[in-house]
Amino acid sequence: MAKVIVFSGAGVSAESGISTFRDSDGLWEEYDVNVVCNYDSLEKNEDVTIEFYDKRRAELESKEPNKAHKVLADLKKRYPKEIAIITQNVDNLFEKAGLAKEDVMHLHGFMTEVRCQNSSCAQVYEIGYKKLCEFSEGLCPECSSKLRPNIVFFGEAAPMYEHLNQELQDCEMVVVIGTSGNVVGVNSMAQFAQMSILNNLEPSPAIEEQLFDLVLYKKAGEAIEEIRYEIEKFLDSEF
């Protein structure tokens, strides 16, 4: 298990122009997230739900990693066993910054993947930036069942949370970047660790900042060099 967990949310990718689910009163462009992001969205609103994720997937093709992604990717490469990159984001910007897919724990799925809706099959396929219907006509190549975005919808189980909890058991430093703490509680993360850093644009009612050793209220791209310094200092003192 890693000594340092870097836990990121939408605030990291926002600097690359990635829209968040709840930017504007529960709307993403013209879509109501309560219609297209719930556990029953594929059953009740299949066409518009698939359209929504097709557009979000296509949006990613032109987006580039920002300074925060690049610095964190560099740190992960330098300390591969000591640092765990864990994100709530479903984009591929850490991968575009040079990390392998297996080097990033995506808690809520991965936008450039689809998976079989048949639970006994559940095969996952990388489709890049294509529309879902453009890959195997929207059907699983293995069992011919319908495919779906490989995303955790609201109200669905998130299997990767168990892996997050396992990582937290042994970590010594937690760095929280760009999350409100409303979906995944980060207060307990700070209590687990010897050293903890919080970086957000502004305070969040869900986060108890006094639990963190260092609090930086600024853009991730502006805070990342200070964060890099603290991570390097912490890890170098361990060796």
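These numbers were taken from a predicted model, which means no experiment stands behind them. (Residues numbered from 1 in each chain as written. Predicted model: local features only at pLDDT ≥ 70, side-chain atom pairs only at ≥ 80, totals over all residues. Heavy atoms only, no water.)

What to know about the sheet that holds strand 6 (residues 109–116)
What the three strands build is an open sheet, ordered 7-6-8; its pairing is antiparallel. Two strands close off the open sheet at either side, each with one partner strand: strand 7 (124–126) and strand 8 (147–151). Sheet twist, expressed as the mean angle between neighbouring strand axes with direction ignored, is 40°. Strand direction decides the pairing type here: strand 6 and strand 7, joined by three bridges, are antiparallel. Counterpart to Glu113 in the pairing with strand 7 is Glu126. Together, strand 6 and strand 8 form the strand contacts of helix 4 (residues 46–60), whose direction differs from that of strand 6 by roughly 135°. (Pairing = 2+ DSSP bridges. Helix = DSSP H or I, 4+ residues; strand = E, 2+ residues; numbered from the N terminus. Axes fitted to C-alpha atoms, helices over the stretch in contact; angles between N-to-C directions. Contact = heavy atoms within 4.5 Å.)

Some points on the pairing of strand 10 (residues 195–200)
Of all six residues that make up strand 10, six are buried, and the element is covered over most of its length. Residues Met195, Ile197 and Asn199 point to one face of strand 10 and Ser196, Leu198 and Asn200 to the other, with burial holding for every one of them. Sheet topology places strand 9 (residues 173–177) next to strand 10; five bridges connect them, and they run parallel. Within strand 10, the residue paired with Val175 across the bridge is Ile197. A crossover connection joins strand 9 to the parallel strand 10 through helix 8 (residues 187–192); in handedness this β-α-β unit is right-handed. (Buried < 20%, exposed > 50% of the residue type's maximum accessible area, 1.4 Å probe, protein only. Right-handed = clockwise from strand over helix to strand, strands pointing away.)

A word on the pattern of salt bridges
If the charged atoms of two oppositely charged side chains come close together, the side chains can form a pair. Under the criterion given, the structure shown has 11 salt bridges. For the salt bridge of Glu172 with Lys3, the shortest nitrogen-to-oxygen distance reads 3.7 Å. Within this pair, whereas Glu172 is found in the loop between helix 7 (160–170) and strand 9, its partner Lys3 is found in the segment before strand 1 (4–8), the two being separated by 169 residues in sequence. Its relative accessible area of 17% is what places Glu172 among the buried residues. On the basis of relative accessible area, Lys3 is assigned to the partly exposed category, the value being 24%. Among the salt bridges present, the one from Arg78 reaches Glu232, with a minimum N-O distance of 2.4 Å. Here the residue Arg78 occupies a position in helix 5 (residues 67–78), and Glu232 occupies one in helix 9 (residues 220–238), the gap between them amounting to 154 residues. The exposure class assigned to Arg78 is partly exposed, which follows from its relative accessible area of 43%. For Glu232, a relative accessible area of 17% puts it in the buried group. (Salt bridge = Lys/Arg side-chain N within 4 Å of Asp/Glu carboxyl O.)

Remember, this is a structural readout, not a statement about activity or role.
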